[in-house]
Every structure is written in C-alpha cells, then in structure tokens.
Amino acid sequence: MFYHAAYVEEPQLPARLGYEVAGVVEAVGDSVDKGWIGKKVATIPAFSQNRYGTLGEEAIVPATALGEYPAKLSAIEASAIWMQYLTAYGALVPIGGVESGDFVSIPAASSSVGLAAIQIVKAEGATAIAVTRTSKKRPELLALGADHVVVTDEEDYVARIKEITGGKGARLTFDPVAGPFIEKLAAAAAQGGIIFEYGALSPEPTPFPLFTALGHSLNIRGYTLLAITQNPESLAKATKYVFDRLADGRFVPKIAKTFPFAQTIQAYQYLESNQQVGKIVITVP
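In this text, all values refer to a predicted model and were calculated from it rather than measured experimentally. (Residues numbered from 1 in each chain as written. Predicted model: local features only at pLDDT ≥ 70, side-chain atom pairs only at ≥ 80, totals over all residues. Heavy atoms only, no water.)

Q: Looking at this structure, how should I read the nonpolar core?
A: One recurring pattern in soluble globular proteins: nonpolar side chains tend to sit buried together. Counting 52 residues, the largest nonpolar core has Leu86, Ala88, Leu92, Ile106, Ile118 and Phe174 as the members making the most contacts within it. Going through the elements one at a time, α2 (82–95), β4 (103–107), α3 (112–123), β5 (127–132), β6 (148–151), β7 (170–175), β8 (189–197) and α9 (232–247) are the ones with two or more residues in this core. Ranked by residue count, the leading element in this core is α2, at eight residues. Filtering out sequence-adjacent residues up to four positions away, Ile118 remains in contact with Ile106, Ala109, Ala128, Ala130, Leu141, Leu144, Gly145 and Ala146. Membership of the second largest hydrophobic core comes to 15 residues, among which are Phe103, Tyr157, Ile164 and Leu185. (Core = buried A, V, L, I, M, F, W, Y, C linked by side-chain atoms within 4.5 Å. Buried < 20%, exposed > 50% of the residue type's maximum accessible area, 1.4 Å probe, protein only. Helix = DSSP H or I, 4+ residues; strand = E, 2+ residues; numbered from the N terminus. Contact = heavy atoms within 4.5 Å.)

Q: How do you make sense of a nonpolar patch on the surface when you look at a structure like this?
A: A contiguous nonpolar surface patch, about 500 Å² in accessible area, is contributed by Phe208, Leu210, Phe211 and Leu214. Relative to the helices and strands, Leu214 is located in helix α7 (residues 210–216). (Patch = residues over 30% accessible without salt bridge, like charges linked within 9 Å, V, L, I, M, F, W, Y side chains within 5 Å. Areas by Shrake-Rupley, 256 points an atom, 1.4 Å probe, with all protein chains shown as cover. Salt bridge = Lys/Arg side-chain N within 4 Å of Asp/Glu carboxyl O.)

Q: In this structure, what is going on with the side chain of Arg160? I would like to understand it.
A: For Arg160, the position within the fold is in helix α5 (residues 157–164). Residue Arg160 is classed as buried on the basis of its relative accessible area of 17%. Looking at Arg160, its side chain comes within polar contact range of the side chain of Glu155, at 2.9 Å. Residues contacting Arg160, with those up to four places away along its chain left out, are Val149, Val150 and Glu155. (Polar contact = N/O pair within 3.5 Å; in protein donor to acceptor, adjacent residues only side chain to side chain.)

Q: Please clarify how the packing of α2 against α3 should be interpreted in this entry.
A: For the pair α2 and α3, interaxial distance at closest approach is 8 Å and the crossing angle is 50 degrees. What the angle tells us is that α2 and α3 run oblique. For the pair α2 and α3, the sense of crossing is right-handed. Together, Gln84, Tyr85, Thr87, Ala88, Tyr89, Leu92 and Val93 of α2 and Ser112, Val113, Ala116, Ala117, Gln119, Ile120 and Val121 of α3 make up the contact between the two elements. Taken together, the residues of the contact of α2 with α3 break down into ten nonpolar, four polar and no charged. (Axes fitted to C-alpha atoms, helices over the stretch in contact; angles between N-to-C directions. Parallel < 35°, antiparallel > 145°, perpendicular 65-115°, else oblique. Left-handed = near helix turned anticlockwise from the far one by under 90°. Nonpolar A, V, L, I, M, F, W, Y, C, P; charged D, E, K, R; others polar.)

Q: Is there a simple way to think about unusual backbone geometry in this case?
A: Residue Leu13 is joined to Pro14 through a cis peptide bond whose omega torsion reads -5 degrees. When you line up the elements, Pro14 lands in the segment before β1 (22–24). Positive phi values are uncommon outside glycine, yet Ala5 reaches one of about 60 degrees. According to the relative accessible area criterion, Ala5 is partly exposed, its value standing at 37%. The phi torsion at Ala178 lies on the positive side, around 60 degrees, for a residue other than glycine. On the basis of relative accessible area, Ala178 is assigned to the buried category, the value being 10%.

Following this line, the structure appears as structure tokens:
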C-alpha cells in the first residue's frame, strides 16, 4: 500500500520500504547504548518509511525500534513477529479487553496480523472466528487455531455470526478491510460491541452504519499500531506480553514463503496475489 501511495502515510520520494527486519546490530550512534552491538534483534514498526526502511542488506533504524527476540526463534521467524503481534495485541487486549466467553470476528484472517489475532484470542480463552473471502484457506485457518471460519463469498456473514454466537453477535471485530462490508460487520456485532478498523484494504468508500450503531450501541473506532509504539510504558508492556508467549510456545509465527533478496520483486508480486497465509520473508545471504 505504501509503494502504491495508498497507505496512511504518503511516500515522499526518494523513500524506502520495510518496517521489519531481523539481524545483528553492527554499530550504534553516539548517544545510543553500545550494549546493543552484537545483539540479535528484530525491528518494531516505530518509524516513518520516509525516513528509514528495512528492505536491504543493511538497515539503519532508530534505537527505539529495536526489540530482542526469544533465542528459540530463527531470524526468519523473528522478522515476522513485532508488527503482527503488537498490532493485534494493542486492539484486542488493553483496549478490547478480550476474555473468556468473548466471540471475536477477524476479517482478512489469513494475513499475518489476522493469524496473530487468532493466537491472542485463543490465548485469552475467547472464540476466534476467522473471516475469509474463499473456502480455499478454510482448512489452513482451522489448522492454525481458528474455532470457526466464515467464507464471505459463499456464506451469509451476518447469519453465520449469529449462528456461531447463539444470537449474541461478535463482541469484538478486528477489521483491516473497511469499505461497504462494515455494514455487515455492524449488523453482526453484539450489543455494546467494538469494531476496530485498523486498515483500508478496500478501495471503496466506507459508510458509517448509523442506525445499526445506534441500535447496538456500537463503538466503531480507528486504530493503528502507533497507539502502542508512541507510549514507552505501553510498548514495554506489549513487547513483554508477546515475548513471553513466543518464548513458551503459545505464539508461533506463520511463514507463508521466503524469497532470496535477488527476488524481491517476485516477493512483492506474490504478496499482491493474496495467495499467502502468513508472512512473506525476504532473506539476505
């Protein structure tokens, strides 16, 4: 979305690409703790791609974007943790307060953030409802922990959510798509539910479902990872939450496919094809 100028931040050329990278710290600036040198780290998306970027053999990033990762993870796995888990955590845990007994609807569930949301919902004892457009990804989503899968091209979303929740509706909806489908998300939401809009994958306008929101007392709110990364205390709490669950195996990043650095263009073409379930990683020799 960034290189198509469709992201929340407009590219100011020349700009770079990439929020996430895993590697070893080779050098630090004058005012940075030299204890970072030699450590294996993965970056937290806490900077502008107009100033920094990670797509390269070397990356210069702010020290505040560095995060150590559990030793049990490979560099490939580590490159696929902070964006997805912190994004899902910030909405679902401190704001949404997900807990046992909740039903959580997760559109675009095969994305890395969607899969992270499934794992967080399950870790908190709630029911994860994966939402996807076609049935092709249903078996893998179930294998990756989803309690239910709703296929929107083949099923009535509102009816299925009502069926799964026993008529209650989804208390939390974690949506990166927006567009006109928000009206169905609202119709299937529980009384007093929260719909998080954290992306704009749909190219169509997003209407505000006023009467449904009024009738259901809905909270429809915009959300981005900045809600976590801009507050040092919140970020420290979030990274500990994710680190601990990666270390003990409750969270496992899903890698869809890896590409060598020389095939970066093909990697982005594969990303745009929407075939993947999980993260796409580019490796550097």
